[in-house]
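# Architecture at a glance
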Amino acid sequence: KGFISESKLAFIKFDNDSIPFYFIIGPNPVNITINRSSWMIEGGKSNQQYVHFLNQRQKLIDAQKQNFNNYLNISGNTSFTRGQENRYYQQDSILSDSIQRITLWRINQGDIVGKIIKERFVNSLSPQMRQKVK
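Treat the numbers as computed from the prediction; the structure is a model and nothing was measured. (Residues numbered from 1 in each chain as written. Predicted model: local features only at pLDDT ≥ 70, side-chain atom pairs only at ≥ 80, totals over all residues. Heavy atoms only, no water.)

The next point concerns the overall build of the protein. Regarding its fold elements, the protein presents 4 helices and 4 strands. Taken from the N to the C terminus, the helices and strands of the protein come in the order β-β-β-β-α-α-α-α. Against the 2.2 N^0.38 benchmark of 14 Å for 134 residues, the protein shows a C-alpha radius of gyration of 19 Å, more extended than a compact globule. Its C-alpha atoms give the protein principal-axis dimensions of roughly 65 × 35 × 25 Å. Per-residue burial over the protein gives 29% buried out of 134 residues. Here the protein displays about 9,600 Å² of accessible surface, and carbon together with sulfur accounts for 48% of that area. Taken together, the 18 basic and 10 acidic charged side chains of the protein have centroids lying 4 Å from each other. (Helix = DSSP H or I, 4+ residues; strand = E, 2+ residues; numbered from the N terminus. Rg over C-alpha atoms; globule rule 2.2 N^0.38 Å. Buried < 20%, exposed > 50% of the residue type's maximum accessible area, 1.4 Å probe, protein only. Areas by Shrake-Rupley, 256 points an atom, 1.4 Å probe, with all protein chains shown as cover. Lys, Arg positive; Asp, Glu negative; His and termini not counted. Charge placed at Lys NZ, Arg CZ, Asp CG, Glu CD.)

A complete count under the given rule lists 4 salt bridges for this structure. Ionic pairing is found between Arg82 and Glu85, a salt bridge with its closest N-O pair at 3.6 Å. Of this pair, Arg82 and Glu85 both sit in helix α2 (residues 82-107), 3 residues apart, which is roughly one turn of the helix. (Salt bridge = Lys/Arg side-chain N within 4 Å of Asp/Glu carboxyl O.)

A few words on the packing of aromatic side chains. Under the criterion given, the structure shown has 7 aromatic pairs. A ring pair is formed by Phe21 and Trp39, whose centres lie 5.2 Å apart and whose planes are at 80°; its orientation type is edge-to-face. Taken together, the residues Phe21 in strand β2 (residues 21-25) and Trp39 in strand β4 (residues 39-42) connect sequence positions 18 residues apart. For Trp39, a relative accessible area of 37% puts it in the partly exposed group. (Phe/Tyr/Trp six-rings, centres within 6.5 Å; stacked < 30°, edge-to-face > 60°.)

This part is about helix α3 (residues 112-121). All buried positions along α3 are accounted for by Ile112, Val113, Gly114, Ile116, Ile117 and Phe121. Buried-residue contacts for α3 involve β1 (8-12), β2, α1 (45-75) and α2. (Contact = heavy atoms within 4.5 Å.)

As a further point, take the packing of α1 against α2. At a minimum axis distance of 10 Å, the contact between α1 and α2 shows a crossing angle of 165°. In terms of axis orientation, α1 runs roughly antiparallel to α2. Where α1 crosses over α2, the handedness of that crossing is left-handed. Each of Gln49, Phe53, Gln56, Arg57, Leu60, Ile61, Ala63, Gln64, Asn67, Asn70, Tyr71 and Ile74 in α1 lies in contact with α2, whose residues at this interface are Gln84, Glu85, Tyr88, Gln91, Asp92, Leu95, Ser96, Ser98, Ile99, Ile102, Thr103 and Arg106. Among the residues forming the contact of α1 with α2, the class breakdown is 10 nonpolar, 10 polar and 4 charged. (Axes fitted to C-alpha atoms, helices over the stretch in contact; angles between N-to-C directions. Parallel < 35°, antiparallel > 145°, perpendicular 65-115°, else oblique. Left-handed = near helix turned anticlockwise from the far one by under 90°. Nonpolar A, V, L, I, M, F, W, Y, C, P; charged D, E, K, R; others polar.)

This paragraph deals with the packing of α2 against α3. Relative placement of two packed helices is described by the angle separating their axes and the distance separating the axes. Closest axis-to-axis distance for the α2/α3 pair is 7 Å, and the angle between their directions is 130°. Judged by the angle between their axes, α2 and α3 are oblique. Facing Thr103, Arg106 and Ile107 of α2, the residues of α3 in contact are Val113, Gly114, Ile117, Lys118 and Phe121.

Structure, rendered in structure tokens:
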């Protein structure tokens, strides 16, 4: 518990974890709940923006995994065509590009949320996208 006058990047690192749990502390109350299967941050506009980005990113990753699983399921079928394979490839490319673009866009916002996203995800960007990081 405490009070600070401006938003600051913060993190919690548990003994057995290699990746810190990032969040933003600031003049607004922040409540964090962490358990074995989930976590939740309440309080502050920046934390809402951060969680929104994480949810967007995860939905794209989940869609990409589902696309790949669909590809695997149908690729063993003898009626699988080159056109179908190209559609799965195109969908994967679109989803991958979307993940790259939202990550770069959020990093380049230059705010505290962008700083966390840069810290966590800059290495997931392609070399071409990393060159565009401000």
